[in-house]
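Topology and contacts: notes
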Amino acid sequence: MDLPVATPVAPSLATSSPWLLEVEDLHVHFVTSSGVVRAVEGISYKVKAGEVVALVGESGCGKSVSSLAIMRLLAKPAGRVVGGRILFEGRNLLELPDEQMREIRGRDISMIFQEPMTSLNPVLTIGFQITEPLLIHLGMTMEAARRRAVELLKMVGLPDPARRLDQYTPQFSGGMRQRVMIAIGLACNPKLIIADEPTTALDVTIQAQILKLMKDLSRDLNIALVVITHNLGVVARYADRVNVMYAARMAEQGSATDVFASPMHPYTTGLLRSVPRLDQPRGRRLETIEGLPPNLLEAPPGCRFAPRCPARQDACIRVLPELELVAPHRYSACIRARELARVGPTGLGLQSATFERPQPKALTRGEPLLDVQGLKTYFDVSSGLKRHAVVRAVDGLSFDIQRGETVGLVGESGCGKTTVGRTLLRLENATAGKIMFDGKDVTAISGDTLKSYRRQIQVIFQDPYSSLNPRMTIGQIIAEPMLVYKLQPNRAAAKAKAAELLTQVGLFEYMIERYPHELSGGQRQRVGIARALAMKPSFIVCDEPVSALDVSIQAQIINLLEDLQQKFGLTYLFIAHDLAVVRHISDRVVVMYLGKVMEIADRDALYADPLHPYTQALLDAVPVPDPALEVSRRYKVLSGEVPSPLNPPRGCVFHTRCPLADDECKMNIPELREVRPRHYAACIKL
Amino acid sequence: MNTAAVTITYKVPVRRHPVRLFITQQPLGAAGLIIIVLMAIAAMFAPWVAPYDPLAINYNAMLARPSAEHWLGTDSFGRDVLSRIIYGARTALAVGFLASFIGSTIGAIVGVVSAYFGGKTDMVIQRIMDVILSFPIIVLAITVVAVLGKNIVFGLDINLVIAIGLPMVPKVARVVRSSALAIRELPYIDAARTAGFSHLRIIFRHILPNVVAPYLIMLTAFVAQAILAEASLSFLGLGVTEPTPSWGLMLSGAAADFYEQAPWMIVFPGLAISLAVFAFNLFGDSLRDWLDPKIKL
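Residues numbered from 1 in each chain as written. Chains lettered and ligands numbered in written order. Predicted model: local features only at pLDDT ≥ 70, side-chain atom pairs only at ≥ 80, totals over all residues.

**Some points on the overall build of chain B**
Basically, it comes down to this: Going along the chain from the N terminus, every DSSP run of H or I of four or more residues is numbered as a helix, and every run of E of two or more is numbered as a strand. C-alpha atoms define the radius of gyration in this analysis, and the globule rule sets the expected value at 2.2 Å times the number of residues to the power 0.38. Each residue is classified by how many other C-beta atoms fall within 10 Å of its C-beta atom, where C-beta atoms are placed from the backbone; a count of 20 or more means buried, 12 or fewer means exposed, and values in between mean partly exposed.
Helices and strands together make up the secondary structure of chain B, namely 13 helices and 2 strands. Taken over C-alpha atoms, the radius of gyration comes to 24 Å for chain B, far larger than the 19 Å a tight globule of 297 residues would show. Projecting the C-alpha coordinates of chain B onto the three principal axes gives extents of approximately 100 × 50 × 30 Å. A total of 297 residues make up chain B; the buried ones form 42% of that total.

**Concerning the overall build of chain A**
A count of helices and strands for chain A gives 23 helices and 24 strands. On the principal axes, the C-alpha backbone points of chain A span a range of 75 × 65 × 45 Å. A buried classification covers 50% of the 686 residues belonging to chain A.

**Some thoughts on the environment of A:Gln565**
The following threshold applies: Throughout, a residue-residue contact means that the two C-beta atoms, derived from backbone geometry, are no farther apart than 7 Å.
Topologically, A:Gln565 is positioned in helix 18 (residues 551-568). Apart from residues lying up to four places away in sequence, A:Gln565 is in contact with A:Thr406, A:Leu570 and A:Tyr572.

**Observations concerning the sheet that holds strand 4 (residues 79-88) of chain A**
Residues and elements named next belong to chain A. Where we set the bar: Two strands pair if DSSP finds at least two bridges between them.
Strand order across the open sheet formed by 4 strands is 2-1-4-5, with antiparallel pairing between neighbours. Each having just a single partner strand, strand 2 (35-48) and strand 5 (91-92) make up the two edges of the open sheet. Judged from the 11 bridges that link them, strand 1 (residues 19-32) and strand 2 form a sheet pairing that is antiparallel. Note that in strand 2 the partner of threonine 32 across the bridge is glycine 35.

**Brief notes about the environment of B:Pro66**
Residues and elements named next belong to chain B. Its location among the elements puts proline 66 in the loop between helix 3 (46-49) and helix 4 (81-117). Overall, proline 66 belongs to the partly exposed group, with 16 C-beta atoms counted inside 10 Å. Spatially, the C-alpha atoms of proline 66 and aspartate 80 are 9.7 Å apart, while their sequence positions differ by 14 residues.

**Examining the interface of chain B and chain A**
How big an interface is tends to be reported as the loss of accessible area on association of its parts. Rule in force here: Each residue gets one label: Ala, Val, Leu, Ile, Met, Phe, Trp, Tyr, Cys and Pro are nonpolar, Asp, Glu, Lys and Arg are charged, and the others, such as Gly, are polar.
Contact residues are listed per partner, giving 22 residues for chain B and 33 residues for chain A. In terms of residue count, helix 9 (residues 187-194) of chain B provides more of the side of chain B that touches chain A than any other element does, 6 residues in total. Residues belonging to the side of chain B that touches chain A are distributed by class as follows: 14 nonpolar, 5 polar and 3 charged.

**Focus: the packing of helix 4 of chain B against helix 8 (residues 168-184) of chain B**
Residue and element names in this part refer to chain B. This is how it is decided: Interaxial angles span 0 to 180 degrees and are taken between N-to-C directions of axes, which are lines fitted to C-alpha atoms, for helices over the stretch in contact. Any angle that falls under 35 degrees is termed roughly parallel, while one over 145 is termed roughly antiparallel, one within 65 to 115 roughly perpendicular, and all others oblique. By convention, the crossing between two helices is left-handed when the near helix turns anticlockwise from the far helix through less than a right angle, and right-handed when the turn is clockwise.
Between helix 4 and helix 8, whose axes approach to 7 Å, the crossing angle comes to 40°. With respect to each other, helix 4 and helix 8 are oriented oblique. As helix 4 packs across helix 8, the resulting crossing turns out to be right-handed. Seen from helix 4, the contacting residues are Ser100, Gly103, Ser104, Ile106, Gly107, Ala108, Val110, Gly111, Val112, Ser114, Ala115 and Tyr116; seen from helix 8, they are Met168, Val169, Pro170, Lys171, Val172, Ala173, Arg174, Val176, Arg177, Ala180, Leu181 and Arg184. Along the lines of polarity and charge, the residues of the contact of helix 4 with helix 8 split into 14 nonpolar, 6 polar and 4 charged.

**What about the nonpolar core?**
We apply this condition: Note on terminology: a nonpolar core is any set of buried Ala, Val, Leu, Ile, Met, Phe, Trp, Tyr and Cys residues joined through C-beta atoms within 7 Å.
Judged by nonpolar contacts, the single largest core of 282 residues is most densely connected at A:Ala183, A:Leu192, A:Val235, A:Leu573, A:Phe574 and B:Val112. With 17 residues, the single largest contributor to this core is helix 4 of chain B. If we skip the residues at most four places from it in the chain, A:Leu573 touches A:Ile401, A:Val407, A:Leu409, A:Gly421, A:Leu424, A:Val541 and A:Cys542.

**A word on helix 7 (residues 204-221) of chain A**
All names here are of chain A. Using the following cut-off: What a helix should span is 1.5 Å times the count of its residues minus one.
Under the 1.5 Å per step criterion, the end-to-end length of helix 7 is 25 Å for 18 residues, consistent within 8% with the ideal 26 Å. Inspection of helix 7 places Val204, Thr205, Ile206, Gln207, Ala208, Gln209, Ile210, Leu211, Met214, Leu217 and Ser218 among the buried residues, and these make up the whole buried set. Among the structural elements, strand 3 (52-56), helix 6 (174-186), strand 7 (192-196), strand 8 (224-229), helix 8 (232-238) and helix 21 (613-621) are those in contact with the buried residues of helix 7. The positive-phi residue at the C-terminal boundary of helix 7 is asparagine 222, with phi of around 55°.

**What about the sheet that holds strand 23 (residues 673-676) of chain A?**
Residue and element names in this part refer to chain A. What the 8 strands build is an open sheet, ordered 18-19-20-15-21-22-24-23; its pairing is mixed. In this open sheet, the two edge strands, each paired with only one partner strand, are strand 18 (457-460) and strand 23. Averaged over neighbouring strand pairs, the angle between their axes works out to 25° when direction is ignored. As paired strands, strand 18 and strand 19 (residues 539-543) are joined by 4 bridges and run parallel to one another. Bridge assignment links isoleucine 460 to a residue of strand 19, and that residue is cysteine 542.

**Here's the deal with helix 7 (residues 158-165) of chain B**
Quick reminder: α-helices carry 3.6 residues per turn. Residues three or four places apart thus point the same way. Counting buried positions along helix 7 of chain B gives 6 out of 8 residues, so the element sits mostly inside the fold. Of all the positions in helix 7 of chain B, only B:Asn159, B:Leu160, B:Val161, B:Ala163, B:Ile164 and B:Gly165 are classed as buried.

**Considering the confidence of the model for chain B**
All names here are of chain B. Stated formally: On a range of 0 to 100, pLDDT expresses the predictor's confidence in each residue.
Per-chain confidence: chain B averages 83 in pLDDT, with 92% of residues scoring 70 or above. Across residues 1-10, where pLDDT falls below 50, the model places 16 contacts with residues more than four positions away in sequence or in other chains. Scored by ipTM, the complex comes to 0.78, with pTM at 0.83.

So, in structure tokens, the structure goes:
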């Protein structure tokens, strides 16, 4: 892309330090009613001008808090910086008067937030929001500011910028809003941009676009970038240097290539191996980091990671290790770091030495458990003004699922994959088509027949926080269906059964009296699984069951789902947007786009040799957690956005973004056909 | 596979007795509850607590200032204000609390039902609520009292309670409906539906407990309004009638004519209403927090 040259801004005073930002021994505390949470404990890192630095860690590790501390935006009065210095061009930001700090915010340092849907003000025009910092910080005139705004929107790749300025946020998609956020961040030519999970809320193809944009911009405009993320693939594609945080402390620092190639902290090793990866063969099980991160209210005395660390020694539990230089340019807070570097993760028992191939499931290709034929689910969104507006959420879907099989359903947001699940669960009614379950048509059943169907088909939801009734204890939640259906004779028996189910999903019996909010996200997800199992179902719809969880917890839940499948002979429909996770768990994969099936194939066939251009683009867009590979990889970034399902393109729904598309694709709706044995794709170019 | 055993210890919280927990965690709410209980006891045992007969007219002590004899003074008929306030607590608490409790509870159920079923049901229920809402409270109450007449049960006019409670129904229904609409979309309601639970169970077991916060806030706020509405109705001769002691009547009756000579006639019943309202609000707020498992330890 041809980038317009940025308007120069008054140069700042030359500083002697080569570092733009130096965070030294930062301590942040949150005072809560139940005690002091030590959210950040003595972290230090430095950022050079024009460099991309990543802060990696799981939720609650303090990565966002430390960046809010840089901006002095901690929630007062609970959050306070209790120690350390934050030097920006040699000036300690923590000691600046409010007036000067306000000048730095937005002008020298700007911030991009995770949620593009809520970080722009919906009642102000885009133009107003972009020109605001220009008028305030640089004292530009309105015309000059508007000119600059047009220039900025062009820079972030928004088409037709002059017209866009007078539009409001709801007229923009998520990806476009994130571009606008970046434009606002860039407005005053900052020296540093802090991006807090900038692509987490976006689809993979949009994520790839935004990542490329930010990387190009930082290189071309020489802006330093601090990227906060939990996604190791994003780090690999992006970062020059990496800081790994765990439980409020820095675990490891180093260049991205070094850290990924030879991690020197067991936590980093754990993180890297618990993510299912597209660039490596699928192992039998995901290797996980057992347990949970410590409660920062009462952290253990020794190394924070020791309780979960397979390589811990007695000293680890007693002594809190400091971050030390362990190799040239490598820092680690592990007393066995040098040893780890010498013998590698397998030597310390951090990784299994042998690679186990997955055992192929013995699936009988007979009468399928679930057979979906030409399923259509439309939503009538007509209002007074717009007459007859119909969203074709699912538009002619056919697939079947064998007993004991896991079928993965992937696609970007808005492709209708969740609606498929909800229609199967009869939470939505099908507009047309047939759902055959165990040989019986369940598309339009009601009353007692529906009730008995519902006993056999259960669901696990994405959000572990809102899928459990906050006013019921865990025991009540799990026991309720057993009592309603009289699966257990009385309350005591139901409670005992609930306790048994809790242990089966890897929780503890005493949790039966707890309320959902007293558990962590991963634990709640396990409760959700136990609730589904309480009905003794044969089929479970898993609707993004791990996408709200941290990577180390994700792997635990995936392994649990696989174990339960074997134990109870369950059949899964696994709905997800994460292609690597889907590859790990599924036997067969269905790829959807705008309510239609693009491709269906056995897992290995699909990932090894995707036929449909959309599947290829999806696989290309996923960043792989290996910087060496990312550098050499020539990924094609799919341009454009998913069209509105209210007004889908004519012909092949994918033709607007397809690299192969020609006029013929605009005319004909491609049928799903068997291109190779058991490998179906809907594309006329094949 | 990695088999290094990892043991993680968890602390099991000990749950204490709920009443003791309420007192220690919500001292303000406990204070409110104590005030309410004291008032209720005084009202129940009024003949033993009150120093005078509230109806006894004493022409020798008309408009007497507060003194050792009459702590809170006397009114224009020489009746003891303190005794009248104590007896008046009967009507105030009974009508005030019952009316707002019945009105808010019906409102909450109507709101949840309306939100849960949605569509046509919602439409019909909300239009009925609109109709009720379009009448001024007093006009509506007058109509109800006029149509139903008096219906005294245990010394309490049930129709008066209905007349005061009815106008609250649409207001509570509106607020609760909007909370319930948000809750209806949450996955745990979907989970209850996929489990095949009945509508009744989903409404009463899964949605209602989660709208208890707006319900309690409205309920306690309406206690005050109900006491005042009772006063207005009594003033119009539709509620409690003279000479029965009632806080509202004491405020709005003859007291208005004498506020310059005898301000105590108006100040003390006013204080009584404020204290009752204050106590209900304190208790209501604390109860809301305390019922929320997220705030409990």
